Amino acid sequence: MSLPGAAKVGFGGDYNPEQWPEPVWHQDYRLFDLARIDTVTLGVFHWALLQPAPDGYDFSLLDRIVERAAAEGRRICLATGTAAHPAWLARAHPEVTRVDFEGRRHRFGQRHNSCPSSPVFRRLSAELARRIAARYAGNPAVVAWHVGNEYGGACYCERCADGFRDWLRDRYGTLDALNDAWCTTFWSHTFTDWAQVEPPSALTEHWRGPDHTAFQGITLDYLRFTSDALLANFLDEKAAIRESSPDLPVTTNFMGMYRPIDYHRWAPHLDFASWDNYPPDDSSPAWMALSHDLIRGLKDGQPFWLMEQTPSHTACRDVNPLKRPGVMRLWSWQAVAHGADAVLFFQLRAARGACEKYHGAVIGHAGRSDTRVFREVAALGAELDRLGDATLGARTPARVALLFDWDSWWALEISDGPNRLVRYQQVVSAYHRALWDAGVDVDVLPVTAALSRYQVVLAPVLHLVKGDLADRLAEVAARGGSVLTTFLSGRVDEHDNAFLADVPGPLAALTGVRVDEWDARGPEFVNPVLLADGVDRVEVASRLVFELVIPQGAEVVGRYRADFYAGTPAVTRNRFGAGDGWYVAAGLDQEGVSWVVRRVLDRHGLIGPYADVPELESGVRVTPDGVRLRFLLNHRAEPVEVAAAAGGVDLLTGDRVEGGQPIRLDPYGVMVVREDGSA
Amino acid sequence: MSLPGAAKVGFGGDYNPEQWPEPVWHQDYRLFDLARIDTVTLGVFHWALLQPAPDGYDFSLLDRIVERAAAEGRRICLATGTAAHPAWLARAHPEVTRVDFEGRRHRFGQRHNSCPSSPVFRRLSAELARRIAARYAGNPAVVAWHVGNEYGGACYCERCADGFRDWLRDRYGTLDALNDAWCTTFWSHTFTDWAQVEPPSALTEHWRGPDHTAFQGITLDYLRFTSDALLANFLDEKAAIRESSPDLPVTTNFMGMYRPIDYHRWAPHLDFASWDNYPPDDSSPAWMALSHDLIRGLKDGQPFWLMEQTPSHTACRDVNPLKRPGVMRLWSWQAVAHGADAVLFFQLRAARGACEKYHGAVIGHAGRSDTRVFREVAALGAELDRLGDATLGARTPARVALLFDWDSWWALEISDGPNRLVRYQQVVSAYHRALWDAGVDVDVLPVTAALSRYQVVLAPVLHLVKGDLADRLAEVAARGGSVLTTFLSGRVDEHDNAFLADVPGPLAALTGVRVDEWDARGPEFVNPVLLADGVDRVEVASRLVFELVIPQGAEVVGRYRADFYAGTPAVTRNRFGAGDGWYVAAGLDQEGVSWVVRRVLDRHGLIGPYADVPELESGVRVTPDGVRLRFLLNHRAEPVEVAAAAGGVDLLTGDRVEGGQPIRLDPYGVMVVREDGSA
Amino acid sequence: MSLPGAAKVGFGGDYNPEQWPEPVWHQDYRLFDLARIDTVTLGVFHWALLQPAPDGYDFSLLDRIVERAAAEGRRICLATGTAAHPAWLARAHPEVTRVDFEGRRHRFGQRHNSCPSSPVFRRLSAELARRIAARYAGNPAVVAWHVGNEYGGACYCERCADGFRDWLRDRYGTLDALNDAWCTTFWSHTFTDWAQVEPPSALTEHWRGPDHTAFQGITLDYLRFTSDALLANFLDEKAAIRESSPDLPVTTNFMGMYRPIDYHRWAPHLDFASWDNYPPDDSSPAWMALSHDLIRGLKDGQPFWLMEQTPSHTACRDVNPLKRPGVMRLWSWQAVAHGADAVLFFQLRAARGACEKYHGAVIGHAGRSDTRVFREVAALGAELDRLGDATLGARTPARVALLFDWDSWWALEISDGPNRLVRYQQVVSAYHRALWDAGVDVDVLPVTAALSRYQVVLAPVLHLVKGDLADRLAEVAARGGSVLTTFLSGRVDEHDNAFLADVPGPLAALTGVRVDEWDARGPEFVNPVLLADGVDRVEVASRLVFELVIPQGAEVVGRYRADFYAGTPAVTRNRFGAGDGWYVAAGLDQEGVSWVVRRVLDRHGLIGPYADVPELESGVRVTPDGVRLRFLLNHRAEPVEVAAAAGGVDLLTGDRVEGGQPIRLDPYGVMVVREDGSA
C-alpha cells in the first residue's frame, strides 16, 4: 500500500469545523472553492467530541462534518484524534497522564499527554480508531487515515519502567548481557534483578537535563524504548483501523529532524510518510531541503505529503516572523521538488482561542478573502490545478547518499566528552548544505539502507557503528565509489561501548587513518586548515574538535596550520579498492566542508548544472513515465538570471526554455521545467 | 473613609523593636527625635510573637512597644502581621503552606507562605487581626491598620483547585459557558464535570514557565482567581478589624506595577493606597513617576502613602547600588509631587541577621547618628517639618489619562504569538515617558474609570477589550478629545478569545484602520518609520512588531520605510466626531513614541511649561483650598537653570520665584513653588 | 600516623581491572612496567562486586586483583568502594538514596548517591570497610586505605532533618539560643519546638537556588551539618578499618577548593591529605598552586598525595581540551613543588562505556604504548625514578599565611547584599596570585591555625569572624607583623549576625578604620583608585564593591578617583604595635591587589628571587635533613632565561647551576635545584 490515489497535488489542510457553528462552515467552503482547496484533514483533536463520557460515543457532529466535506467534493484525510485525551479520562484514570523527566506525574492539560504504556489509553485510543474506521471507511471521500499527531515526548512512570524492563528482557535475554552492554561494573552499577533497573531521569542517572547521563547505554536504550513505545501506540490504532479498512493508506505526521523519535524504526509501518514543515527561521532553505530528503528517504524515495505548513506565521516561537510575499508559494514548490505529492496547511481557519489562535491560517478571524495571505493561497491553488498530475509519483534520481542515524545522533549528544558543542544536526547539515550548494540530488538514508545504487556516500559524525555497516561502506569504495566520514565517527558500538581498537574503529581500514588523540576547544578558538589538491589550495577554519591523525596509508588532503599539531593531517583520502575513503578529522567550517565535498563529487562528475548560483536551488524528479522535471527555486529576494542547462517547457507558465539561453527567475521565483527528450 | 488625619507629611517607617532588647529602644527614640520621625509601622511580622502557640496569645511585648511609641509621641500604623505564619502553624497544619507552580508542597520557611484557601490560615489570620484591633483600636496613637504585607504569589494546592472551581461556577454558571469561554473544543479539552478543571501549572497546561500556556483563557482566569483569593484574605482581616474599629483607615502596601495582583480589583476595598518604591535601578525617575501615578489612580486621585523606600540601598538584588547623596531626598519629594502624604522607610533600624540585614536603614548596626545616611534622613525630616500641611490632600489636575489594565497585561504576556519580547510595562512606560518628558500631569487609570474629565486618553497595547470600554473611548473622541492606541490592541475579548472581526476589533471604528496582517522580528531588526505632519518630519526606528494596516478612513501620519511593506502606514490618525483616534501600528522607539504623543498633546495645548529640559521633572498638585503647587525635580547629577513658567514662592527655601526669570536647581535639587494667584 | 612510607614519589593511579577480562591485566602490567608505575588505587567503586546481594560477600575477584598487584610489585592504595551503593540496596531500601535540594527523593543511579543519615547505608558501608580491612590489612602491598571518594553533595530527607535537629540541639542546647542565633524574630520565624525546624531547601527557606536564603543562619548551619554528616560517614568506615588495621594510614580524596565540604573540619581525622586536581581550564597555574597550598595546609604542612589528575583530558566538561605536550609533566612537578609525595592519575586504563569512557587514561581503548600520552607518562615515570627520595617529606618554609575559611566563603556567598558578583574564590585567588607572582612561599591556613610563625597574614573577605581570631590577628601585628584584610570582612559573627559595631567589627582596632557605608555596582562600572606610597604611584581599577571609609588612625595608601566619594580612602595602613594592619576597601583589580601585597611583603623583605618573570613559578621545599630544594616551573609555551638566584644542582639533569648565571627553562620546563649550602 502506498499514497492515496490522486489526480493532482493535494491542496488544503487541517480543518476544525467542530470549533464553529454550522453557518461558518458555509463561509469556509465558499472560500475553499475560491482557493481550489481539495483536501481537508479532519478531527485531529476530536476525542472529547466523539467520546464525551467513558460509556458513550457520539458521532453525530462528525457525521455532519464528513458528509458536508464529501458533499462539497473534498478528499478527506481522517484523523483518529488521539493526540490529546479527554479531561474525563485523566480524572478517572490519573495514570493516563505522563510522568516527566523530573519525576512529576502530570495532570490533565496540553496535548501529547498520554503515557504510552497506560493500558487504559492503549485500549481506548485503539477503540476510538476502530470505531472511526468502521464508520467512515466506506465513505469514498475518505482517502487516508491520520493516526495521532506529531508523536513525541517521553514518560517515566512506573508502568513505563515496567515496559522498559520487558523491552530490555526481550533485547538482552539475561542480566549478564545487560550488565555487559551497559558496562555496569563502572560505578558499582551491576544489576542483579530486572526490577532494579530504573528509567534514566533527573532522579536517577541524569544531571543538567536529558543529555547528561552517568550511563550512556541506559539512556540510549531508553530513547529506543520510548520510540518503540510510541510506535506501539501507533500500531495499536493502525491494527484497529485495518479491521474494517484493509485498503486505505495510513500515515502519521512527522516533524522532520526530530530527535526523540527514530523515524527509521517507524517508517516500515507507515503506508506513506508525511511531515510538518516549521523551519527554525525564515532563511533556511537548505535545512528544509535536508528535512524533505530525510522524509522522502523513509519510504525508499516514495513521494510523501507535506501535511502541515503555515501560510503566514507560526505562534509558538518567541518571535514569529511573517512569510514574505511569495515565500509560501516558493516553499510549497520546494516541497514538491523534493517529493511532496500534497501541500497542506495548518490551518484552514484560525481558532478563536487558546495557544494557536495567532498561528497563521488560510482564513483569519475576520473570515475575509481579500487578505494578502488568502490571495496567495488561492493563487497557488490555481497553479497546482494547472499542473495537474505532472509531478505525481515522480522520484528523485540521486546518486549521492547521506546517512542519517538516530543512534549516532543520540550517542553523540549524550556523550560526556569531548565537546558538547558539537551538535549532530549542525554537522550533518553542513555536509548536506555542501551538496545543496552543488545542486546535487541526494537521498538521506538510514544506515540500514542498500547503498548499491550510490556513487558517493557521506556519513558525517557516524559516532555509533553497528551491524554490517562498516562492511557495506567498504563495498561502496571497493566498487569505485567514494565514502566520506568525519571526526567522532566509528567510536562506539550499538551499546555505546568504545571499540577496543584504534579510532575510527571499524572504519579504520576504509579511511586508512589512526586517530591518536583529540583536542576540543570552545568556538572562539580557530585552527586554520590548509586544504590542497593538485589544483586548488585554500585555507579554511576549523573549530570545536581537532583529531590528531596518524595516517595508515591515507594521503593527506588538508593539514592543521597552528598549535603543536601544526602540519599534521586534518583531512585525508585513502585509496580503497577502486574507490576511496575520506576522513575529515577537523571541525571544518562550511567553506571547508564544501571544498572537500566538491572534491569528492568532482571525481564522479556529480556537480549539478546550477551549482554555485547563491540560494538558487535545483532539483530533479523523474516521473513514472520517465519525464524529467527540473525544479528551479530562487530563495533570494532579488531576481536571478542563469543559462538554462537544458531545453524544455516551464510547466508553470508554458514558456519554452532553450538550453544555454538565459532564464530569469523572479524574487522567490519558481520554474518547473519538463526537460526535452525525457521520457 | 480616607487617609489618616495628619498635620504634615508623615515621616518614619517600619520599626521592629521586638527584635531588640529594650535598652536599644531608648537609643532609637533619641535618634527618631533627631530625625523628626513621627510615624512608625509596627508589627509587620509579629504573628509568632503574639501567638506563640495554637492556644495562646501574648500581647505583653506589643503592649510595651505601642505604649512606648505612643508615649514618645509617634503615630502608629499598626500591622496585623500575617504575611508570615508561625512555625508551629506549618508543623500542625502542613496544608497551610503553599503548593508552587511546579506542584511542590512547601514546608515552613520564608514569608508570603500561606495558601490563601487554607481554612486554618483564614481563620487564624482573621482572629489575629480581630484581637489586635480589639486591643489597640482605642489607642489614639494608632492612626491606621496595615493588613498583611506585599500580598503576592500563588498557590496550586487541592484546596485552591477547589476554590478555583467554585470561583468558575460563580463566574460561568454552566460548563457550557465555561467551555465556550475557554474555547475547549481546541485540543479536545471539553470539560464535562467541574472536578476535571485543574489549576494551570507546570503539571497541566504550562511549559517553560508561567507565561507559556496551552489555554490562555484558563491561565487568565487563574490569575484573576489568585488575585481574588488573596483579596479575600485581606477582606477577612479587614472585616475582623471593623468589628472593633469602625473608623480607622485600613491599607496594605502595594508594589507599584506588580503583575500578579490586579490592584484595580483591590482598590475599592482599601481606605487609602500605599506602596513600596524599589525601582529596578537608580536611573528610572519616569518609571517611578508612572508607579506613583498608578497608585494615585487606584483611589481616584486621592493621596497615598509611600509606605516603604530604602534610605540607602536594597539587599535583595544581585547588585545593590547606594543612593547617591541627595537622591533619597529627591525621590521622597518626587513621591510627594505625585500625591504622597507620607514618606516612610523600610527600615528604621537594620536587622541583625537574616536576609535583610544588609538592607539599608535609617539606623545602622552601630547605632550611629553621624553617618551620611542618617544626616540626610534628619535633614529631610526637618524639611518636611517646615513644609507642614502645605501639600496635604492636594490633587493632581490631570487632563490626560493613561489606561493601565492588568487583564491586557496578562493576556499579552501569556499569548503565544506574535512576539514574546513585547512586554506590557515597556510599551506602557514608553508612552508614559513621553508624557513625563513633556511635563504633563497624567492620571493612570483602570479601564473602568470615568473618562469624561480627560482631553487625551492613551491606551497602549490594550490587548483585551471588555465591557463598554470601546464605546467610552469613542465618546472621548466624539466630544473632541484624542484617543491613542497601538499595535496588539483590540485583539481579544474578556475570555481571551479573538474578536471575529477585523483587527483592532471594537476599536476599529474609532481608529479607522484594518490590520491585515502582522510581522514580528527580533530586536536586532529595525524598520525605520518616517513620521510627518505638515510641520515636522522625522525618521525613527521601529522594532519587534510591525502591523500592516489598510486605512479605513484614517489619514497616514507615519509610514514604514523598508521591507515589502515600505510605504504602508505605521501611524495613523482618524477624525472621529469632534476629535480623533490615533493608531500606532509599529513598535516605535522612544523618540517615535514621543513624537506621536507630542502631536496628540499639542492639539489640546497640553504640553507642560518645563517640557524638554532633560531629566527635569515637573508636576502640579492643587490643594483642597485651590493652592497650586509646582514641583520641580532635577534628576541629574548636574545643576540645571531654566526660566520660571510662573511666579511664586519656593516652600522649601521661602525664596521668591519670578515668572520668566531664571531659576536654578542644584544637582538632585527640588523646588516646591506655591504659584502666585492660585487659591 | 602520617603518609605511607615510601622510597620515592609514588606514581600510578586508579586501576579497575574488575572491568576487564584477566588477559587484559597482563597487557596492563606490561605497560605499567614500561611507565614505571608503582602505585595503584584499587576498588574505588567495587561495592556491588564485593557484596552482590544483601546477605553475601564475595572477595574472590578482589583477591585475585590484589594478589596480582602485589605479585607485580605494586603498592596498593585500597579503597572501601562506598561512594556508590549497589542497585539492590536502593531497591531494598529506597531511603538509602538522597532527597535533593528540590525535595525530590532520588532512585538508584549515578554515584555519591547515599543519604549520609541512612542507618542502612551507615551500617553496610562500615561493614564493607571492616571486611576489606580485615581481609587485606595483612598484605604488605597495601600501604594506605582510601575511604569513599570525593565526598560531597547534600541530602534533605526526613532522616537528615532529624539529624540536623539533633546536631542543633548539641550545638545550641536550648531553643532560645537557637532563636537568638538565627535571629528568628525576623519574619515571625520563632521556633517553639525542635521538630519545627526544616532543612533549608527550595521548599522552605530558599529561592533561586542554594545561595538565596531567607535565613543565612539556618543555611549556614545546614552547610556545617552536611559537612559533619558526611564526615561521620568517613569516620564510620575509618573506625571499622581501625579494628583490624591499627597502623596503616587512612585518607580520602579531596577536591581542592570545594565549597560543600569544610575540609578544615575533616582534616584532623585524616592521616594524610590527598586530592584530585582538575583545574577549571588549562591556563590557571596559580589557581592550582592555591589548591595545592590549601591541601598542604590541612595537615599543618605535611606532604600530601596528588590522588588524581588526567594524563590528557577530562570528559565531564562541556569542552574538554587536551593537555599540550609537556603540560602533564609540568603540572605533576608543580604538585611535587607544593608538597606532593605521590603523583597519581585517574585513570590507568580507559573504561569501555559510561560517562568516563572519554576521560583521558594512561592506556587508551586500543591498549597501545606508542601514543604520545603514554610516552609522556613513561618519561615522567623514569624521571621520578631518578629523583628517588630527594623530595620525600620535605616542607615549605613559608613566612606568609593566607587564611582560607569555609565559614566566610559560605556566609559571603549566601548573603543578600551587597553584591552577589563578589565571589570568595575570586578574591582569595587574587591575593594568592599576588604572592605567586612575587615568588613567595605561602601557607594557606584555617582561621584556627597558629599564626606565630608568620610575618605576614592575608585575610581577604574574612566575612565571618569567630572565636579569638581577631585577637590573634592583632597579635601578629603587635609583634611586628603585617595583617591585611579587605572589604566585606569583619561583618558577621559565627551565626551570621551582624556585629553591632562599626565595620569591620572586631577588626576595626587593628585596621584603624570605620566603614560608614558601601556602594555596589555591576562589573561594567569602574572606579579608578590611585595607589601611592612615598616611592610609587599607580592608578588601578576597582569594581563591584566600594566601601566608604572614615579613617580612625589609619594612613591612606589609596584613594578613589571618581564618584561622590572621590578622594576618600580605598586602601589604608594602620600602625599597630610594632607592625601594621592593612585594609583594602575597594574591589581592586589584580594589578591593584598585587601592588598592595608587594608593599606589605617588601616591608618584611619577603619578595622572592624570581618575582615578576611572567608565569615562572618558583617554590621551595626543605627536606627533613635541611636540604633546600628550589623548584622552577615555566608555565609558558616559550622558553625563559633568568639569572639563578643561588647555585646548586638540578636534580632532573644533574647539571650545575651557578648563582647569578643565566639558566634557561624550556617551554613548560622544570628544574629542581638542590641549593648549595643547604643541610
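Along each chain, the written sequence defines residue order, and numbers are assigned to residues from 1. The lettering of chains begins at A and the numbering of ligands begins at 1, in the order of writing. It should be noted that, the model being predicted, local features are given only for residues of pLDDT at least 70 and side-chain atom pairs only at 80 or more, the latter also being counted only at that level, while totals for whole chains, interfaces and linings use all residues. With hydrogens and water excluded, all non-hydrogen atoms of the structure serve as input to the side-chain values.

An unreviewed UniProt entry lists chain A under the name Beta-galactosidase, with Micromonospora solifontis given as the organism. Under the Catalytic activity (unreviewed entry) heading, UniProt states for chain A: "Hydrolysis of terminal non-reducing beta-D-galactose residues in beta-D-galactosides." UniProt positions are given in the numbering used here, feature names are shortened, and annotations may be inferred rather than shown by experiment. Recorded in UniProt for chain A, the comment headed Sequence similarities (unreviewed entry) runs: "Belongs to the glycosyl hydrolase 42 family."

## Side note on the relation of the copies chain B and chain A
Placing chain B over chain A gives an RMSD of 0.1 Å and needs a rotation angle of 120°, together with 0.0 Å of translation along the axis. Accordingly, the operation relating the two chain copies is best matched by a three-fold axis. Measuring from the rotation axis to each C-alpha of chain B, the shortest distance belongs to Arg-104 of chain B, at 5.5 Å. Least squares is used to superpose the copies, and the fit set is the C-alpha atoms of residues whose pLDDT is at least 70 in both copies.

## Structural notes on the pattern of salt bridges
Residues and elements named next belong to chain A. Each salt bridge in this description consists of a side-chain nitrogen of Lys or Arg and a carboxyl oxygen of Asp or Glu lying within 4 Å of one another. A complete count under the given rule lists 212 salt bridges over all chains for this structure. Two residues, Arg-169 and Asp-166, come together in a salt bridge whose shortest N-O distance is 3.0 Å. Of the two residues, Arg-169 and Asp-166 are both situated in helix 6 (residues 158-172); the distance of three residues between them amounts to about one turn of the helix. Buried residues are those whose accessible area, probed at 1.4 Å on protein chains only, stays under 20% of the maximum for their type, while exposed residues exceed 50% and partly exposed ones sit between those limits. We classify Asp-166 as partly exposed; its relative accessible area is 41%. Of the charged contacts, one joins Arg-171 and Glu-494 as a salt bridge, the two residues approaching to 3.5 Å between their closest N and O atoms. Helical segments are the DSSP runs of H or I of at least four residues, strand segments are the runs of E of at least two, and each set is numbered from the N terminus.

## Considerations on the sheet that holds strand 3 (residues 75-79) of chain C
Residue and element names in this part refer to chain C. The strand order across the open sheet built from nine strands is 5-4-3-2-1-9-8-7-6, with neighbouring strands paired in parallel fashion. Edge positions in the sheet fall to strand 5 (250-251) and strand 6 (253-254), since each of these pairs with one other strand and no more. The pairing criterion is simple: DSSP has to find at least two bridges between the two strands. Across four bridges, strand 3 lies against strand 4 (residues 142-146) in parallel orientation. Its bridge partner lying in strand 4, Leu-78 is registered against Trp-145.

## Remarks on the UniProt feature "domain: Glycoside hydrolase family 42 N-terminal" (unreviewed entry) in chain A
UniProt marks residues 14-386 of chain A with the feature "domain: Glycoside hydrolase family 42 N-terminal" (unreviewed entry), using the numbering shown here. Split by type, residues 14-386 of chain A is 40% helix and 9% strand. Its first and last C-alpha atoms lie 23 Å apart.

## Here we look at the sheet that holds strand 8 (residues 304-308) of chain B
All names here are of chain B. Strand order across the open sheet formed by nine strands is 5-4-3-2-1-9-8-7-6, with parallel pairing between neighbours. The two strands at the open ends of the sheet, each matched to only one other strand, are strand 5 (250-251) and strand 6 (253-254). Lying over the sheet, helix 5 (residues 119-136) contacts strand 3 (75-79) and strand 4 (142-146), oriented at roughly 175° with respect to strand 4. Contacts are assigned to residue pairs that have any heavy atoms within 4.5 Å of one another. Lines fitted to C-alpha atoms define the axes, with helix axes restricted to the stretch in contact, and inter-axis angles between N-to-C directions lie between 0 and 180 degrees.

## Quick notes on helix 1 (residues 22-35) of chain A
Quick reminder: α-helices carry 3.6 residues per turn. Residues three or four places apart thus point the same way. Helices are assigned an expected span. That span is 1.5 Å times one less than the residue count. Taking 1.5 Å per residue, 14 residues should reach 20 Å; helix 1 of chain A reaches 20 Å between its end C-alpha atoms and fits that length. At the C-terminal side of helix 1 of chain A, Arg-36 of chain A shows a positive phi close to 60°.

## Regarding the interface of chain B and chain A
Counting residues at the interface gives 59 residues for chain B, matched by 49 residues for chain A. Of the roughly 4800 Å² buried between chain B and chain A, counting both surfaces, carbon and sulfur atoms make up 51%. The largest contributions to the chain B side of the interface with chain A come from Trp-187, Ser-188 and Leu-203 of chain B, which together make up 15% of the buried area. Between chain B and chain A we count 13 salt bridges in total. Polar contacts here mean pairs of N or O atoms no more than 3.5 Å apart (in protein, one a potential hydrogen donor and the other a potential acceptor; neighbouring residues in sequence count only if both atoms are side-chain atoms). On inspection of chain B and its partner chain A, the count reaches 29 residue pairs in polar contact (both at pLDDT 80 or more). Broken down by secondary-structure element, the contributors of at least two residues to the side of chain B that touches chain A are helix 6 (158-172) and strand 14 (513-520) of chain B. What gets called buried area is simply the loss in accessible area from a 1.4 Å probe that two parts show on being joined, summed for both.

## Observations concerning the pairing of strand 8 (residues 304-308) of chain C
Residues and elements named next belong to chain C. Most of strand 8 is tucked away: five of the five residues are buried. For strand 7 (residues 274-276) and strand 8, the ladder comprises three bridges, and the chain directions are parallel. Considered in strand 8, the bridge of Trp-275 is made with Leu-306. By the bridge criterion, three bridges tie strand 8 to strand 9 (residues 340-345) in an arrangement that is parallel. Paired with Phe-304 across the two strands is Ala-340, which belongs to strand 9.

## Remarks on the pairing of strand 3 of chain B
Residue and element names in this part refer to chain B. Counting buried positions along strand 3 gives five out of five residues, so the element sits mostly inside the fold. Both faces of strand 3 are covered, namely the face carrying Arg-75, Cys-77 and Ala-79 and the face carrying Ile-76 and Leu-78. Bridge analysis of strand 2 (residues 39-42) against strand 3 gives four bridges, and the strand direction is parallel. Looking at the pairing, Val-40 lines up with Ile-76 of strand 3.

## Overview of the interface of chain C and chain A
Between chain C and chain A, the residue contacts involve 49 residues of the former and 59 residues of the latter. Summing the contributions of chain C and of chain A, the shared interface buries around 4800 Å²; its carbon and sulfur component is 51%. Considering only the surface of chain C that becomes buried against chain A, Gln-110, Arg-352 and Tyr-358 of chain C emerge as the three largest contributors, covering 17% of it. Connecting chain C to chain A are 13 salt bridges. Note that Arg-352 of chain C is salt-bridged to Asp-180 of chain A, the shortest N-O span being 3.6 Å. If you look at where chain C meets chain A, you find 28 residue pairs in polar contact (both at pLDDT 80 or more). Counting residues per element, the ones that place at least two in the side of chain C that touches chain A are helix 2 (47-50), helix 4 (87-92) and helix 12 (372-387) of chain C. By residue number, the principal contributor to the side of chain C that touches chain A is helix 4 of chain C, which donates three residues. Under this grouping Gly is polar, as are all residues other than the nonpolar Ala, Val, Leu, Ile, Met, Phe, Trp, Tyr, Cys and Pro and the charged Asp, Glu, Lys and Arg. When grouped by side-chain class, the residues that make up the side of chain C that touches chain A number 22 nonpolar, 11 polar and 16 charged.

## Some details on the domain arrangement of chain A
All names here are of chain A. For chain A, the assigned domains read domain 1 (10-154 + 227-387), domain 2 (158-222), domain 3 (400-603) and domain 4 (616-675). Taken together, the contact pairs 21 residues of domain 1 with 12 residues of domain 4. Taken together, the two surfaces of domain 1 and domain 4 that pack against each other cover about 1300 Å², and 66% of this comes from carbon and sulfur. It is Leu-330, Trp-333 and Ala-337 in domain 1 that bury the most area against domain 4; as a group they hold 40% of the surface buried on that side. What marks off one domain from the next here is an automatic or database domain assignment.

## Regarding the side chain of Ser-201 of chain C
All names here are of chain C. Take Ser-201: it is sitting in the loop between helix 7 (175-182) and helix 8 (216-242). Of the residues examined, Ser-201 reaches a relative accessible area of 6% and is grouped as buried. Here the side chain of Ser-201 touches Leu-203 through a polar contact of 3.0 Å, landing on its backbone nitrogen. Discounting residues that sit within four places of it in the chain, Ser-201 has contacts with Phe-101, Tyr-156 and His-206.

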